[in-house]
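Summary of the model geometry
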Amino acid sequence: MKKIVIINGHPNKESFNFGIAEAYKNGALKSGAEVREIIIADLKFDPDLKFGYQKRMELESDLLEAWEQIQWADHLVWFHPVWWGGLPAITKGFIDRLFLPGMAFKYRENSVWWDKLLKNKTAHIITTLDQPGWYYWLFYGRPSVNQLKKSTLEFCGVKPVKVTYVGIIKISDKPKRMKWLEKIKLLGQKQK
């Protein structure tokens, strides 16, 4: 049985991101997976990494619990919108505060190399856009994907990391959204 953690990075619980995350969860549960959720907007923490890596900030209890969930999981499924080409601020703050040296990766002494501490995990990024995914990739270079997939998850050893784009959200109607919900539910059933 696969252990899945859904990480929802949208700050608005009435957003379509919450709908597609619920569809994924229902599909994964139907297939027999064990599913837990991290709703970043519900966590009580300071998203500002005030000292960079010069001085460690104490992790709030919500972040410690979220880290336990991430360590428990085989598969991480990230949901977030793309705003101004990137992640919502609360999601970026969650990553800054939690994916730390000694936890998610470890620098080697006197070396430019590092150890990846989240090996043997996979991930799927499911992101909503107000433009076609191909346009976001071709004209903007998909900065949110590069940041989360390459510069965070793969940097820490998570592989493979798949990406699914959902959009164009702003001009979508109910039938289109229902199709997306069904598609995401099937991804959950396949545990991808």
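Structure: see above.
Small disclaimer: the values here were computed from a predicted structure and weren't measured.

What to know about the overall build of the chain
Helix and strand content of the chain: 6 helices and 7 strands. Principal axes of the C-alpha set define a box for the chain whose edges measure 55 × 40 × 30 Å. Expressed as a percentage of its 192 residues, the buried residues of the chain come to 47%. Across the chain, the fraction of contacts at a sequence separation of at least 24, relative to all contacts at a separation of at least 6, is 76%.

A closer look at the pattern of salt bridges
Between side chains of opposite charge, pairing is possible as soon as their charged atoms come close. With the rule as written, the count across this model stands at 8 salt bridges. In this structure, Lys25 and Glu37 form a salt bridge, with 2.9 Å as the shortest nitrogen-oxygen distance. With Lys25 in helix H1 (residues 16-30) and Glu37 in strand S2 (residues 34-39), this pair connects stretches of sequence that are 12 residues apart. A salt bridge links Glu60 to Arg97; the nearest nitrogen and oxygen atoms lie 3.1 Å apart. Here the residue Glu60 occupies a position in the loop between S2 and helix H2 (61-72), and Arg97 occupies one in helix H3 (residues 89-98), the gap between them amounting to 37 residues. Assessed through its relative accessible area of 23%, Glu60 is described here as partly exposed. On the accessibility criterion, Arg97 (1% relative accessible area) is buried.

Observations concerning the environment of Lys44
Here Lys44 shows up in the loop between S2 and H2. Residue Lys44 is classed as exposed on the basis of its relative accessible area of 64%. Taking the C-alpha atoms as reference points, Lys44 and Asn17, separated by 27 residues in sequence, lie 20 Å from one another. Residues in contact with Lys44, not counting those within four places in the same chain, are Glu60 and Asp62.

Concerning the sheet that holds strand S1 (residues 3-8)
Pairing between the strands of a sheet comes from backbone hydrogen bonds, and it takes one of two forms, parallel or antiparallel. Pairing in this open sheet of 5 strands is parallel, and the strands run S2-S1-S3-S6-S7 from one edge to the other. Strands at the two margins of the open sheet, each flanked by one partner only, are S2 and strand S7 (161-166). Across the sheet, the mean angle separating the axes of adjacent strands is 15° when strand polarity is ignored. As judged from the 6 bridges shared by S1 and S2, these two strands associate in the parallel manner.

Quick notes on H1
Here H1 spans 21 Å end to end across 15 residues, near enough to the 21 Å set by a 1.5 Å rise per residue. Those residues of H1 that sit buried are Phe16, Asn17, Phe18, Ile20, Ala21, Ala23, Tyr24, Lys25, Gly27 and Ala28. Lining the buried residues of H1 we find S1, S2, strand S3 (75-81), strand S6 (122-128), S7 and helix H6 (174-189). Two residues or fewer past H1, Gly32 is found with a positive phi of approximately 100°.

Calculation notes
Residues numbered from 1 in each chain as written. Predicted model: local features only at pLDDT ≥ 70, side-chain atom pairs only at ≥ 80, totals over all residues. Heavy atoms only, no water. Helix = DSSP H or I, 4+ residues; strand = E, 2+ residues; numbered from the N terminus. Buried < 20%, exposed > 50% of the residue type's maximum accessible area, 1.4 Å probe, protein only. Contact = heavy atoms within 4.5 Å. Salt bridge = Lys/Arg side-chain N within 4 Å of Asp/Glu carboxyl O. Pairing = 2+ DSSP bridges. Axes fitted to C-alpha atoms, helices over the stretch in contact; angles between N-to-C directions. Expected span 1.5 Å × (residues − 1).

What is shown is where atoms sit, not what they do.
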